[in-house]
Each structure stands twice: as C-alpha cells, then as structure tokens.
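Notes for the structure review
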Amino acid sequence: MSYALEPEQVDQYQRDGFLFPLEVFDNNQVVNILEQLEHTRTVAREQGLESELTQLLRTNTHYILPFVSELARASQLLDRIESILGPNILLWSAEFFIKAAHTDKIVSWHQDLTYWGLGETDEEITAWLALSDVNVESGCMRFVAGSHHQQIVPHRDTFDAANLLSRGQEVAVDVEEDDAIDVILQPGQVSFHHGRMFHASGPNRSARDRIGLAFRFITPEVEQSVAKRDYAMLVRGIDRGKKWIHVAPPTRLFDPAELELHARIRQDQFAALAEGAEQELYTAY
Ligand SMILES: O=C(O)CCC(=O)C(=O)O
C-alpha cells in the first residue's frame, strides 16, 4: 500500500509551504510511542542521564533512541516525504518539542534554515508529529502561508530563556500575524513545513504536556556549508555523493558509543548553529 501524496497535496505544499493534517499514526501507535518516551525517561534516570535528558531529547534523537529512528522510516511518513523530496531521503535531525502543562515556553517567529548551515535549500522538509492534542490553548505552531517563497530574512537573537530555540532567534521583519494559520493537530497527525516557512508557537495554557516530534528530512544534494562536516541517516533510496557522513540506526537506548557519537555530531554541527552568536547557546536548535 502506498501513502504517497495526491498531486493536489504536493501543489498545495509548493504553494503554501506547508501541509496538514496528515493522518500518519493511529491511536495505538501513539500510545506505544508515548510509552517508549516514558521508558526513555526511566532509563535516563537509572543511567544518571536525567540532567542531560532535555538536551538529549532536543537534538538528533534518531542517533540514540531506536524507536525514533524506526518511526522516521515508517512508510506512512516516507511515502509522503518522497512525494516532495524524491526517492533518496536522509534524516538530518529528529527533535522533541515538549512544552510542559501551564508553561510559558514559546517558539518565536523564525525560519528553520537560518542557522543550520544548509543554505536556502528547497530540499529540506520538517514532518512534525503531534503526540498530544495540539491546539491554540496548548501552543500549536502557526504558519504564514507562502512565506517560504522569500529567501532567509535577517534574524535577531533574543536569548529569551522562555524560548525553546537555541538563540531565542526571531525574524527581524514584520510578520503578518493576523494572517497566520493555527496548526491544530490530533495525536498521530503530522504537519509538513518548508525550511524557509515563517513559523512560531505560543505558551501551553492547557493542563497537559504538549508533545511534538519534528523530523528534518533532506535529499543527498543538500550541502553543509558552515560546519566542517555533517551527518545524516539514509532512510530511503541511495546516496552516492560524499556530502554526508552516514550514521547507522542506533542499536539500543543510550548505548555509550552511540551517546559519544551523538555528542561529537552536536559539537561538529555547533559551528553552524553558533555562527555569529554573541552569547552561549542553551539548546541545540
Ligand atoms: O514545536 C514547536 O512549537 C515549534 C517547532 C518548530 O519550530 C519546528 O519544528 O521547526
């Protein structure tokens, strides 16, 4: 069975820079994913990794959490990604965006590609998986339709501690907030967005955690132009190029060698993320 997008959905993505809601995982699968996340927390506690857990969950989780790398390879997800990126697909990052119940944490207006060193490419797409009810009250993302047709606009760093982004970065241009679209998702649904999409999200005023898992897919043609080297996991097709260091899926939760590699990757990618920053970054993206 193919989960490929309809041509009209591809057109819609090209026109608007986003597409949602896509029914990707069912309720049982969501329950299973949340159990795996809970198990991850338990094991982190047992292994003395609790203080690092927020950071570990925020960046490149596909290199250390087997269930995340498996989810990324689900045909329900990849068939749809292939409709946009073509047959050869790399997973560059997988990141949990968790806003605890009644929290002021926000994400300011930004374009993802600004600090990744991947240029202005059209060959990067985020698939954001909702693992809880994601709505205005719980701090859903907001998109500005068509904003991906612009190049990367100047951003300024705010280093606001309430911001989930590394530099509290925000676009230094006016955003037509009244025209923004609320990305309301049920658990198991996914939204796609383009790497130059203007997007943001507000605080979680609800009584439950708002949990999202963002997968960043690229094609092998995308290039890292700031960091000396960069890494990705081939999840479909082939990559005959030499632009990416391929990393195999993790073998078990928090394997010491895989944790070491995860730290090295983060350090290598840091050059791109930190370029031009005037303060230390407090999260990775
Ligand atoms: O989860 C959020 O609220 C923001 C996520 C985001 O900015 C992204 O996935 O690019």
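Within any chain, residue numbers begin from 1 and follow the written order of that chain's sequence. Local features in this predicted model are restricted to residues of pLDDT 70 or higher, and side-chain atom pairs are both shown and tallied only at a pLDDT of 80 or more, whereas totals for entire chains, interfaces and linings draw on every residue. Values shown for side chains rest on all heavy atoms present in the structure; no hydrogens or waters enter the calculation.

**Re the nonpolar core**
The line we're drawing: The set of buried Ala, Val, Leu, Ile, Met, Phe, Trp, Tyr and Cys residues whose side-chain atoms join them within 4.5 Å is what this entry labels a nonpolar core. A 1.4 Å probe rolled over the protein chains alone gives each residue an accessible area, and that area as a share of the maximum for its type sets the label: buried under 20%, exposed over 50%, partly exposed in between.
Formed by 51 residues in total, the largest nonpolar core has its most connected members in L65, F96, F192, F215, F217 and F254. F18, V183, M197 and A214 belong to the second-largest nonpolar core, a separate cluster that totals 15 residues.

**Quick look at the pattern of salt bridges**
Selection rule: Here, a salt bridge means any side-chain nitrogen of Lys or Arg that lies within 4 Å of a carboxyl oxygen of Asp or Glu. By definition, any uninterrupted DSSP run of H or I lasting at least four residues is a helix, any uninterrupted run of E lasting at least two residues is a strand, and each is numbered from the N terminus.
One pass over the structure, following the stated rule, counts 15 salt bridges. As a salt-bridge pair, D104 and R205 come within 3.1 Å of each other at their nearest N and O atoms. Residue D104 is located in the loop between β2 (89-99) and β3 (107-110), and its partner R205 is located in the loop between β10 (199-201) and β11 (210-218); the two are separated by 101 residues in the primary sequence. Through salt bridges with shared partners, one network takes in R58, E95, D112 and R216.

**Looking at the packing of aromatic side chains**
Inclusion rule: The rule is short: rings of Phe, Tyr and Trp, with Trp giving its six-membered ring, pair when the centres are within 6.5 Å, and they are stacked under 30 degrees, edge-to-face over 60, tilted in between. By definition, being over a ring means that NZ of Lys or CZ of Arg is both within 6 Å of the ring centre and within 35 degrees of the ring normal.
Summed over all chains, the structure comprises five aromatic pairs. Both rings, one in F18 and one in F20, keep their centres 5.8 Å apart while their planes meet at 40 degrees; by these two values the pair is tilted. Under the relative-accessibility criterion, F18 is labelled buried at 6%. Residues F18 and F143 carry aromatic rings whose centres are separated by 5.2 Å and whose planes lie at 35 degrees to one another, so their mutual orientation is tilted. Of this pair, F18 sits in strand β1 (residues 18-23) while F143 sits in strand β5 (residues 141-143), placing them 125 residues apart in sequence. The class of F143 is buried, set by a relative accessible area of 0%. Among the aromatic residues, those joined into a ring-pair cluster are F18, F20 and F143. Above the ring of F97, the side-chain terminus of R58 is found at 4.2 Å from the ring centroid.

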